[in-house]
Amino acid sequence: MPKRSWSEHAGFLVNQWRLAWSGWWALEARLKGAQVGRGVVFLGRPLISVARGSRLHLGNEVKIHSALRANPLGCFQPCVLRTLCPDAELIMEAHSGISGCVLCAAKSIHIGEGTIIGSGALLMDTDLHHPTGQWGWGGEPGRGARPIQVGRGAFIGARAMVLKGVVIGDRAVVGAGAVVTKSVPPRHFAVGNPARIIPIPEDYFAAKPDAVQSGTT
């Protein structure tokens, strides 16, 4: 087995240092009202806020990557996990993972088991603002919000956007940079802006039936 270079050794030590802080970020998340399962890993400090009366749940062995070098593509911002209204919910099931992502729930965002979401993706179940008067904009995030549901073992690529009311099926794949405004059936690709829906070939998962594991890309 080849020896590691000095930079690989340095990277390993930095990663261990980040892991040492994971428990502190988990504690901070709990103090803010989040439910944090067993083995949740925080690489870097996320931005978390939980509205009074809402629910933010991180299942067992979820991975939240916020540090700049916590992802091969880099994280240009920390993960943002927010519930915006009373009765809103943001749920990440076991073994799911995100890198530098924004998840903002005014009603409901549910991420299925084993789903991973790439660097800089955004999922938002609300428009956040609405027109008022002749030129103004109101700030009622719950107005017009519709749930987002992401199934099990799905993949959402870097810089993708998933907007309100979208359901993404089990083992679906959203391409990098896609803007998803309509639901994606199980085992389908969503690519482009606006996203086009394309069936996934039958042999796509055949070689590696467990290709989607916990972690992020």
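Here the structure is shown first, and the text comes after it.
## Focus on the nonpolar core
Piece 1. In terms of nonpolar packing, the biggest core is built from 41 residues, with Leu81, Met92, Leu123, Ile156 and Ile168 touching the most fellow members.
Piece 2. Elements that contribute at least two residues to this core include exactly α1 (6–31), β3 (47–50), β4 (55–58), β7 (89–92), β9 (102–105), β10 (108–111) and β15 (148–150).
Piece 3. In terms of residue count, α1 provides more of this core than any other element does, 3 residues in total.
Piece 4. Ignoring anything within four residues of it in the chain, the contact list for Ile156 reads Ile116, Ile117, Gly118, Ala121, Leu123, Val150, Val162, Ile168 and Val174.

## Section: a nonpolar patch on the surface
Piece 1. Taken together, the side chains of Trp21, Trp24, Leu27 and Leu31 define a hydrophobic patch exposed on the protein surface, amounting to about 470 Å² of accessible area.
Piece 2. With respect to the element layout, Trp24 can be found in helix α1.

## Some remarks on the pattern of salt bridges
Piece 1. Here the structure, examined in full by the defined rule, presents 4 salt bridges.
Piece 2. Where Glu28 meets Lys32, a salt bridge forms, and the shortest distance between an N and an O atom there is 3.9 Å.
Piece 3. Owing to a relative accessible area of 16%, Glu28 belongs among the buried residues under this scheme.
Piece 4. Within this structure, Glu28, Lys32 and Arg45 form a network of salt bridges that share partners.

The rules we used
Throughout, a residue's number is its position along its own chain's written sequence, starting from 1. It should be noted that, the model being predicted, local features are given only for residues of pLDDT at least 70 and side-chain atom pairs only at 80 or more, the latter also being counted only at that level, while totals for whole chains, interfaces and linings use all residues. Side-chain descriptors were evaluated using all non-hydrogen atoms of the structure, hydrogens and water having been removed beforehand. We define a nonpolar core as any set of buried Ala, Val, Leu, Ile, Met, Phe, Trp, Tyr and Cys residues linked to one another through side-chain atoms lying within 4.5 Å. Think of it in three bands: with a 1.4 Å probe and only protein chains considered, a residue is buried below 20% of the maximum accessible area for its type, exposed above 50%, and partly exposed in between. Here a strand is any run of E in DSSP of at least two residues, a helix any run of H or I of at least four, and the numbering for each starts at the N terminus. The contact rule is simple, with two residues in contact once any of their heavy atoms fall within 4.5 Å. Like charges are joined within 9 Å and nonpolar side chains (Val, Leu, Ile, Met, Phe, Trp, Tyr) within 5 Å, but only among residues with over 30% relative accessible area and no salt bridge; these make up the patches. Accessible surface area values rest on a Shrake-Rupley calculation with a 1.4 Å probe, where residue burial reflects the displayed protein chains alone. Whenever Lys or Arg places a side-chain nitrogen within 4 Å of a carboxyl oxygen from Asp or Glu, that contact is recorded as a salt bridge.

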